[in-house]
Amino acid sequence: MDSETEPAALPGWHVEIPYIGPVGWPLTGSLAFLITVGVLAAFEVIPLPVAGLVGLGHVMARNRDHAVVSEVGAGLSSVA
């Protein structure tokens, strides 16, 4: 495989998921944020669906260069 077509090395560990690509564990800053959102949802400070959307949005924003996220964004922009 060419070095041009290989994905950039992800920090930490990652798992190869078919049709999606490498999915890695969030960095320490992301992990702390996701735990905080989870705790807020567990104590019902924010509703669970809102916590899920905030967490998903955060992970997608951190991985904005990921191919799947780019394709989803392109699909959403073509619908709008």
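Residues numbered from 1 in each chain as written. Predicted model: local features only at pLDDT ≥ 70, side-chain atom pairs only at ≥ 80, totals over all residues. Heavy atoms only, no water.

### What to know about the overall build of the chain
Right, on to step 1. Counting its regular elements, the chain contains three helices and two strands.
Right, on to step 2. Start at the N end of the chain and walk to the C end: the helices and strands fall as β-β-α-α-α.
Right, on to step 3. For the chain, with 80 residues in total, the buried portion stands at 9%.
Right, on to step 4. The contacts in the chain between residues at least 6 apart in sequence include a share of 27% that link residues at least 24 apart.
Right, on to step 5. In the form shown here, the chain has an accessible surface area of approximately 6,400 Å², with 69% of it arising from carbon and sulfur atoms. (Helix = DSSP H or I, 4+ residues; strand = E, 2+ residues; numbered from the N terminus. Buried < 20%, exposed > 50% of the residue type's maximum accessible area, 1.4 Å probe, protein only. Contact = heavy atoms within 4.5 Å. Areas by Shrake-Rupley, 256 points an atom, 1.4 Å probe, with all protein chains shown as cover.)

### Some words on the confidence of the model for the chain
Right, on to step 1. Averaged over every residue, the pLDDT of the chain is 75; residues scoring 70 or more account for 65%.
Right, on to step 2. With pLDDT under 50 throughout, residues 1–5 is counted as low confidence; its partners more than four residues away or in other chains account for one contact. (pLDDT = per-residue confidence, 0-100.)

### Some thoughts on a nonpolar patch on the surface
Right, on to step 1. Taken together, the side chains of Ile35, Val39, Leu40, Phe43 and Val45 present a nonpolar region at the surface, about 490 Å² in accessible area.
Right, on to step 2. You can see Val39 is positioned in helix H1 (residues 28–42).
Right, on to step 3. Looking at Val39, the relative accessible area reads 39%, which means it is partly exposed. (Patch = residues over 30% accessible without salt bridge, like charges linked within 9 Å, V, L, I, M, F, W, Y side chains within 5 Å. Salt bridge = Lys/Arg side-chain N within 4 Å of Asp/Glu carboxyl O.)

### Some words on unusual backbone geometry
Right, on to step 1. The residue Glu44 is not glycine, and still its phi comes out positive at about 60°.
Right, on to step 2. Counting through the fold element by element, Glu44 comes out in the loop between H1 and helix H2 (48–62).

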